[in-house]
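These are the residues of each chain, in order.
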Amino acid sequence: MNEDKKILKVALDVPIDQLFDYLSDGSSVLLGQQVKVPFGKRVVIGVVCEFADSSSLSANKLKKIISTDNEVLCDKELLHLIKFSANYYHHPIGQSILSIIPSYIKQDKNVILKKEMIYKATSKLTKDWVMAIPNRQQTKKKLADILIKQSIRQSSLKTVASNATKVIQDLKLLGICSEEEWSPKIENNEDNAPTLNKEQIAAINQINKDKFFHPWLLFGITGSGKTEVYLNLIHNFLKGGDAQILVLVPEINLTPQLENRFHKRFPHTKIATLHSNLNTSERLANWRQARSGAAQIILGTRLAIYTPIKNLKLIIIDEEHDMSFKQQEGFKYHARDIALVRARNLNIPIVLGTATPSLESWLNTKSKDAKYKLLKLNKRAVARASLPAIKIIPTNQDRNYPISALIIKAIQERINRKEQVLVFINRRGFAPLLVCGSCGWSANCKRCSAKLVVHLNQKRMKCHHCGYERKMHVQCEDCGNTDLHPVGSGTQKVEDSLREMIPTAKVVRVDRDSMRKKNALENLFKETNQGKVDILVGTQMLAKGHDFPNLTLVIVLGADNALYSTDLRASERLFSQLMQVAGRAGRGSLKGEVMIETNFPNHPIFQAVKSHDYEAFANSLLDERKPLDLPPYSYSAILKAESKKLALVETFTNDVAEWGEQISSLVQIFGPVRPVMERVNGYERINIYVQSLERKNIQNMLNIWLQQIRQHPFANKIKWNIDVDPI
């Protein structure tokens, strides 16, 4: 900092869209550095964002910073990116910056990452020594019995006995075992990379030709080897010495499998993973490795786009179409869109990979002055592997069993051949409704305009929107009748039916209820690849990115539910979901098959899926939307308002909608209107939709409108926020 610039402009984690002025304490302060400052009666952590010669506050009101930390949290490039994001998404600058900082730093905790140890027997440990242990020392005997056969990890000690950690230290002092740092064994596949086909080679060569800013849309069918293209690109870019690569994936459950594959290909390269399944100390350590340049490959979910990376040279977005890249709460950024901005700022290439591109990305490849360059992979990468045959079959009408005899027969055939099956139903729980057979009453959530879902195994009714739950009803609340029965099917009901109808098969359910434990999903995938699982029943957690060579049959149940949605994007999401889940079948040398249940076999979505024709389907959607100026031919934002008092939120939205209409004739206002879910967790909700043909028109209008909204007398009495580019 220049000596004559004594004013520090600091970002704080508060819902006020401004930087706060503080006086320097005389120490040397850097841009992006962490500081501790007084704020009201509190002491808080902040980030220095700017320096100034003067302040709008009088000298006697300016406070000094309390202390500085040596850690620079954001460099100039990252600060510029976050400021852009905060302005574009209209989120307070301080909350935007502090949201990307690891929680331990914000809590001002000094963290030392604990290393896991592994214990191995020394030559002193013999059978005679074990036999001599007194019977009263059971834990010592158990540990010695284990050590004489194999080593034991620190994390496994608690499964032996509650005092095993203390006893193992006693054994170490006696010289019975030794201790060393544990690290996972990684198979070295560096020299065993699969042979690339012509399409893969062409895509890699195209990107390698020009290592400056270009958005590349890598459009490849499922199983076409997009990941292999990523790996080869990373290998080529890392040859540049101190280069770092950022790879974004949409889901946490895709990270371990991809990380394992990266480790095998790059056994001598430091890889840092960043996702919410890590504990806070692990995440902080990996974040610091990325910032310092120690990690050459950074693999993470959406928030990783704001990671400070010293020498970023390439960004890869896997499954670029996925909705998970859009943050739905708080700072509502879209990681894919911000990645494009970051790549442009740094003048580096960015690769967007997918089997079903978002309509926005697809449109960006079509015009003569296309913003994206299109690369196609039309063949499956594995020799003899082909796209699965897709059958459209009638929906099962038997209310007692969620699975038809036709599907059971197909599953049994695969089980007999020692092949694996995936049953996809995007609805967890046992059944979505509990209905009275006498008067038609159904169990509703008391806090939401939603039905309670039956979880029969736990004998509970749960709301999947607010978390409310209660015991199963034993009688109708309206007429008192005890003839209550579940209607519809969820993953639990399908799982129970399969176990009943095919008792010899190993059936495993994969949804948010069954996969709560850390590493549960990763362990399940290992078991599946080892052939220990016959049938997987699951939600969208299973729909993408996973590679099971022995899986030859995919069943899709309940696909019609999405056809009834009022969401503009429901059709493209359904198509994408069906293509992704269908792509799990026949990825190895065994031929795959997909069976989709529907009451509408001639619907264009199912016909396009059957022919594996994304291009025709996407082009037809674009043709529909263009004359109506619907996205992606227009841009939008939503003002979302909610309150426990309906009258309050009605008055607020009526007023601000009227103000919005007077700002610009280039922007259309729709609403106020109640969303499909009118009430969530006791809050009554109303939305106002804003649309324009130009992005800048939306931004200009929002800048004025938000200033007006903040002056509304109810602005601080209700909850409200703006969602730019909603999905």
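Data block above holds the structure.
I will try to describe carefully the structure that is included in this document. Here the structure is a predicted model, which is why all the values come from computation and not from measurement.

## Considerations on the overall build of the protein
Here's step 1: Tallying secondary structure elements over the protein gives 20 helices and 31 strands in all.
Here's step 2: Taking 2.2 N^0.38 as the reference for a compact globule, 727 residues should give roughly 27 Å; the C-alpha atoms of the protein span a radius of gyration of 29 Å, in line with that estimate.
Here's step 3: If you line up the protein on its principal axes, its C-alpha atoms span 80 × 70 × 65 Å.
Here's step 4: Split into buried and exposed, the 727 residues of the protein put 51% on the buried side.

## Concerning the nonpolar core
Here's step 1: Ranked by size, the top nonpolar core spans 113 residues in total, and within it Ile97, Tyr306, Ile596 and Trp705 carry the most contacts.
Here's step 2: The dominant element in this core, judged by the number of residues it contributes, is helix α1 (residues 76–89), at seven residues.
Here's step 3: Ranked by size, the runner-up nonpolar core spans 26 residues in total, among them Leu233, Phe237, Ile245 and Val351.

## Some thoughts on the pattern of salt bridges
Here's step 1: Following the criterion strictly, the structure yields 29 salt bridges and no others.
Here's step 2: When the shortest N-O distance is used, the salt bridge between arginine 261 and glutamate 228 registers 3.4 Å. Here arginine 261 is found in helix α9 (residues 255–265), whereas its partner glutamate 228 is found in helix α8 (residues 226–238), with 33 residues between them in sequence.
Here's step 3: Note that arginine 336 is salt-bridged to aspartate 337, the shortest N-O span being 3.0 Å.

## A look at the layout of surface pockets
Here's step 1: When its volume is computed, the second largest pocket comes out at roughly 740 Å³.
Here's step 2: Lining the second largest pocket are 25 residues, and of these Thr395, Asn396, Arg427, Gly488 and Ser489 sit closest to its centre.
Here's step 3: Ranked by residues supplied to the lining of the second largest pocket, first place goes to strand β22 (residues 484–487) with three residues.
Here's step 4: Looking at the lining of the second largest pocket, its residues break down into 10 nonpolar, nine polar and six charged.

## A look at empty space enclosed by the protein
Here's step 1: In this structure the tally under the stated criterion is one cavity of 30 Å³ or more.
Here's step 2: Lining the largest cavity are Ile100, Leu274, Arg283, Trp287, Leu303, Ala304, Tyr306 and Thr307.
Here's step 3: Here the lining of the largest cavity is composed, by residue class, of six nonpolar, one polar and one charged.

## Things to note about helix α10 (residues 280–292)
Here's step 1: Taking 1.5 Å of rise per residue, 13 residues should cover 18 Å, and α10 covers 18 Å from first to last C-alpha, within 8% of that figure.
Here's step 2: For α10, the set of buried residues is Ser281, Arg283, Leu284, Ala285, Asn286, Trp287 and Ala290.
Here's step 3: Structurally, α10 contributes buried residues whose contacts are with β5 (67–72), α3 (103–106), β10 (244–248), β11 (271–274) and β12 (297–300).

## Section: the environment of glycine 583
Here's step 1: Locating glycine 583 in the fold gives a position in the loop between α16 (570–582) and β26 (593–598).
Here's step 2: Judged by relative accessible area, which is 1%, glycine 583 ranks as buried.
Here's step 3: Apart from residues no more than four positions distant in its own chain, glycine 583 is found in contact with Thr222 and Arg380.

## Here we look at unusual backbone geometry
Here's step 1: That bond from proline 631 to proline 632 is cis: its omega, 15°, falls within 30 degrees of zero.
Here's step 2: By the element assignment, proline 632 lies in the loop between α18 (614–625) and β27 (635–643).
Here's step 3: Each neighbour pair has its own omega, and for glycine 671 with proline 672 the value is 10°, a cis peptide bond.
Here's step 4: Residue placement: proline 672 occurs in strand β28 (residues 668–673).

## Focus: the sheet that holds strand β15 (residues 373–377)
Here's step 1: Reading across the sheet, the seven strands line up as β11-β12-β10-β13-β14-β9-β15 and stay open at both edges, with parallel pairing between neighbours. In the strand order of this sheet, the two ends are held by β11 and β15, each with one partner. Sheet twist, expressed as the mean angle between neighbouring strand axes with direction ignored, is 20°.
Here's step 2: Strand direction decides the pairing type here: β10 and β12, joined by four bridges, are parallel. Residue leucine 246 lies in a different strand from β12, and its bridge partner there is isoleucine 298.
Here's step 3: Seen against the sheet, α8 touches β9 (215–220), β10, β12, β13 (312–318), β14 (350–354) and β15 and runs at an angle of roughly 175° to β13.

## Comments concerning helix α5 (residues 138–149)
Here's step 1: The end-to-end C-alpha separation of α5 is 17 Å, in line with the 16 Å expected for 12 residues at 1.5 Å each.
Here's step 2: Looking only at α5, the buried set comprises Thr139, Lys140, Lys141, Leu143, Ala144 and Leu147.
Here's step 3: Structurally, α5 contributes buried residues whose contacts are with β6 (117–121), α4 (127–131), β7 (152–153), α6 (164–173) and β8 (177–181).

## Considerations on the side chain of histidine 455
Here's step 1: Within the secondary structure layout, histidine 455 lies in strand β19 (residues 453–455).
Here's step 2: For histidine 455, a relative accessible area of 0% gives the class buried.
Here's step 3: Sequence-distant contacts of histidine 455, that is, excluding residues within four places in its chain, are made with Arg428, Gly429, Phe430, Arg460, Lys462, His464, Gln492 and Asp513.

## A look at the sheet that holds strand β21 (residues 469–471)
Sheet strands line up and pair through hydrogen bonds in the backbone, either parallel or antiparallel.
Here's step 1: Here three strands make up an open sheet; going across it, the order is β19-β20-β21 and the pairing antiparallel. With one partner strand each, in any of the chains shown, β19 and β21 form the two edges of the open sheet. Taking each pair of neighbouring strands and ignoring which way they run, the sheet shows an average axis angle of 30°.
Here's step 2: Bridge analysis of strand β20 (residues 460–462) against β21 gives three bridges, and the strand direction is antiparallel.

## Considerations on the packing of α16 against α18
Here's step 1: Relative orientation of the contacting elements α16 and α18 amounts to 175°, with a least axis distance of 11 Å. If you check the angle between α16 and α18, you find them roughly antiparallel. Of α18, the residues touching α16 (which contributes Ser571, Glu572 and Phe575) are Tyr614, Phe617, Leu621 and Arg625.
Here's step 2: A breakdown of the residues in the contact of α16 with α18 according to their chemical character gives four nonpolar, one polar and two charged.

## Quick look at the environment of tyrosine 683
Here's step 1: Structurally, tyrosine 683 is set in strand β30 (residues 683–692).
Here's step 2: Distance from tyrosine 683 to proline 357, taken between C-alpha atoms, is 35 Å for residues 326 residues apart in sequence.
Here's step 3: In contact with tyrosine 683, not counting residues within four places along its chain, are Glu642, Ser643, Lys644, Glu678 and Lys719.

## Some points on the packing of aromatic side chains
Here's step 1: Summed over the entire model, instances satisfying the criterion amount to 13 aromatic pairs.
Here's step 2: Their ring planes at 45° and their centres at 6.1 Å tell us that phenylalanine 575 and tyrosine 614 sit as a pair that is tilted. Of this pair, phenylalanine 575 sits in helix α16 while tyrosine 614 is found in helix α18, placing the two residues 39 residues apart along the sequence. For the pair formed by phenylalanine 575 and tyrosine 614, the shared burial category is buried.

Cut-offs used in this document
- Residues numbered from 1 in each chain as written.
- Predicted model: local features only at pLDDT ≥ 70, side-chain atom pairs only at ≥ 80, totals over all residues.
- Heavy atoms only, no water.
- Helix = DSSP H or I, 4+ residues; strand = E, 2+ residues; numbered from the N terminus.
- Rg over C-alpha atoms; globule rule 2.2 N^0.38 Å.
- Buried < 20%, exposed > 50% of the residue type's maximum accessible area, 1.4 Å probe, protein only.
- Core = buried A, V, L, I, M, F, W, Y, C linked by side-chain atoms within 4.5 Å.
- Salt bridge = Lys/Arg side-chain N within 4 Å of Asp/Glu carboxyl O.
- 1 Å grid on protein atoms, 1.4 Å probe; cavity = no way out; pocket = protein on both sides within 12 Å on 5 of 7 lines; lining within 4 Å.
- Points joined across faces, edges and corners; volume = space filled by probe spheres on them.
- Nonpolar A, V, L, I, M, F, W, Y, C, P; charged D, E, K, R; others polar.
- Expected span 1.5 Å × (residues − 1).
- Contact = heavy atoms within 4.5 Å.
- Pairing = 2+ DSSP bridges.
- Axes fitted to C-alpha atoms, helices over the stretch in contact; angles between N-to-C directions.
- Parallel < 35°, antiparallel > 145°, perpendicular 65-115°, else oblique.
- Phe/Tyr/Trp six-rings, centres within 6.5 Å; stacked < 30°, edge-to-face > 60°.

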